[in-house]
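# Coordinate analysis (summary)
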Amino acid sequence: MSYFAFGLGIGTQSSAGDWLEIYYNKPVLNPSEALINAVSDIIGYEGGDAAIEICEAQLKALEAAFLSVDAEDQAEVVEILKGTQQPMIMTILATDSAPATTAEVYLKLALLSHRLVKPHGTDLSGMFGLLPNVAWTSEGAIALEDLPRRQLAARAQGRILNVQSVDKFPQMTNYVVPAGIRVGDASRIRLGAYVGEGTTVMHEGFINFNAGTMGVSMVEGRISAGVVVGNGSDLGGGCSTMGTLSGGNNVVISVGENCLLGANAGLGLPLGDRCTIEAGLYVTGGSKVTVLDDQNNEVDTVKAAELAGKSDLLFRRNSQNGRIEVKTNKSAIELNAELHKHN
């Protein structure tokens, strides 16, 4: 039998016993049947998708079970968790179906940020209803109903409980730092982002969940939920991509390879390879675009959506008449080699 995903997690619960977040140190995509069989009796797994809380007494047996199927990485996790007072959980996804619990959502977000699946590579249907709003603080995740008491307790001890954000998503780097990236402000990358090796995210750059970069990129703008940026493409300062949650509807906005979105530009359609949108220009699928030939003669006027996915295009604003023009981008963007040398 095949399985979709497996994770041994440790997390935080509210005072009411509800899961607030789960940290999977070494999530597994397509775990072997031998691995699942080895732990099934110990945790009481009976098949299907399941998130099962485990106790300290089960850890020793789990360690031996992992070693019996050559899962040394999972045995190492168990070794470190011995003696913890934090709640632990084991999540098994038999199929890639819509998540049913908070633990299942966190496992899928971990798969994305660990680069085990790519954006749109796993079913996240209904996830928002399963993620609680959480106060992310200097003392970890705290349920909003528990926050006033915790703040008062901290003051009583002469310290301030720092609330960094109130959100459904934590920052990615508190769960995994993928190899080969640089990040200016870690709070601007959510868990569930896919950050490709060679990517630099500057301080104003932002990457949402189920979105990200496939390789070398310089991100100084916004990558919205669901947006995928191809290898070698740069997003200039203040630029924006329209995600499916912010007006893109069912159209998956994407940026091809070796593209450039200029500073304060915007994108609301799929972009092919080697395309450029000049600084300050926002192009959506409904934008009227004048198509020019090599001699800058007008060929046609179309909606930008008709150019979706086409490569080697340069979008610009005519400074005299204000219309959006597009022509073949013969001088395809060659990214600054020095800029990316140490990404």
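Keep in mind it's a predicted model, so treat the numbers as computed, not measured. (Residues numbered from 1 in each chain as written. Predicted model: local features only at pLDDT ≥ 70, side-chain atom pairs only at ≥ 80, totals over all residues. Heavy atoms only, no water.)

### Description of the sheet that holds strand S9 (residues 182–183)
- With mixed pairing, 10 strands are arranged side by side in an open sheet as S9-S11-S14-S17-S20-S22-S26-S27-S24-S25. Every other strand in the sheet has two partners, leaving S9 and strand S25 (298–303) as the edge strands with one partner each.
- Sheet topology places S9 next to strand S11 (residues 199–201); 2 bridges connect them, and they run parallel. Looking across to S11, one finds that Arg182 is bridged to Thr200. (Pairing = 2+ DSSP bridges. Helix = DSSP H or I, 4+ residues; strand = E, 2+ residues; numbered from the N terminus.)

### Focus: the side chain of Thr12
- Here Thr12 lies in strand S1 (residues 5–13).
- Of the polar contacts made by the side chain of Thr12, one reaches the side chain of Glu21; its length is 2.5 Å.
- In contact with Thr12, not counting residues within four places along its chain, are Asp18, Trp19, Leu20, Glu21, Gln86 and Ala141. (Polar contact = N/O pair within 3.5 Å; in protein donor to acceptor, adjacent residues only side chain to side chain. Contact = heavy atoms within 4.5 Å.)

### What to know about the pairing of strand S6 (residues 134–137)
- Side chains Val134 and Trp136 project from S6 onto one buried face, and the interleaved Ala135 and Thr137 project onto a second face that is buried too.
- For S6 and strand S7 (residues 140–143), the ladder comprises 4 bridges, and the chain directions are antiparallel. Each residue of the ladder has a partner; that of Ala135, found in S7, is Ile142.
- The loop that links S6 with its antiparallel partner S7 comprises 2 residues.
- Pairing of S6 with strand S8 (residues 163–167), which is carried by 4 bridges, proceeds in the antiparallel orientation. Across the sheet, residue Val134 finds its bridge partner in S8, namely Asp167. (Buried < 20%, exposed > 50% of the residue type's maximum accessible area, 1.4 Å probe, protein only.)

### Quick notes on the pattern of salt bridges
- With the rule as written, the count across this model stands at 10 salt bridges.
- Across the salt bridge formed by Glu63 and Lys82, the nearest N and O atoms sit 2.6 Å from each other. Linking Glu63 in helix H2 (residues 56–68) with Lys82 in the loop between helix H3 (72–81) and strand S5 (88–93), this pair joins segments that are 19 residues apart in sequence.
- Note on Glu63: relative accessible area 15%, which makes it buried.
- A residue is classified by how much of its surface remains accessible, and Lys82, at 36% relative accessible area, is partly exposed.
- Among the salt bridges present, the one from Arg323 reaches Glu325, with a minimum N-O distance of 2.8 Å. (Salt bridge = Lys/Arg side-chain N within 4 Å of Asp/Glu carboxyl O.)

### A look at the UniProt feature "active site" (unreviewed entry) in the protein
- Per the UniProt record, the feature "active site" (unreviewed entry) sits at Glu220.
- Mapping Glu220 onto the fold places it in the loop between strand S14 (217–219) and strand S15 (222–223).
- With relative accessibility at 33%, the residue Glu220 sits in the partly exposed group.
- In contact with Glu220, other than residues within four places in its own chain, are Met202, Glu204, Gly205, Leu235, Gly236, Gly237 and Gly238. (UniProt positions renumbered as here; feature names shortened; annotations may be inferred.)

### Points about the nonpolar core
- If you look at the biggest cluster of nonpolar residues, it comprises 35 residues, and the most contacted ones within it are Ile223, Leu267, Leu271, Ile277 and Phe315.
- If you look at the next biggest cluster of nonpolar residues, it comprises 29 residues, including Ile22, Ala103, Leu111 and Ala143. (Core = buried A, V, L, I, M, F, W, Y, C linked by side-chain atoms within 4.5 Å.)

### Here we look at H3
- Those residues of H3 not exposed but buried are Gln74, Ala75, Val77, Val78 and Leu81. Around the axis of H3, the buried residues are gathered within 155° of arc, so they sit on the same side.
- Buried residues along H3 sit against S1, strand S3 (28–29), H2 and S5.
- Just past H3, the residue Gly83 takes up positive phi, approximately 90°. (Arc of directions from axis to C-beta.)

### Some thoughts on the side chain of Gln74
- On the secondary structure map, Gln74 appears in helix H3.
- Those residues in contact with Gln74 that lie beyond four places of it in its chain are Phe6, Leu8, Lys26, Val28 and Phe66.

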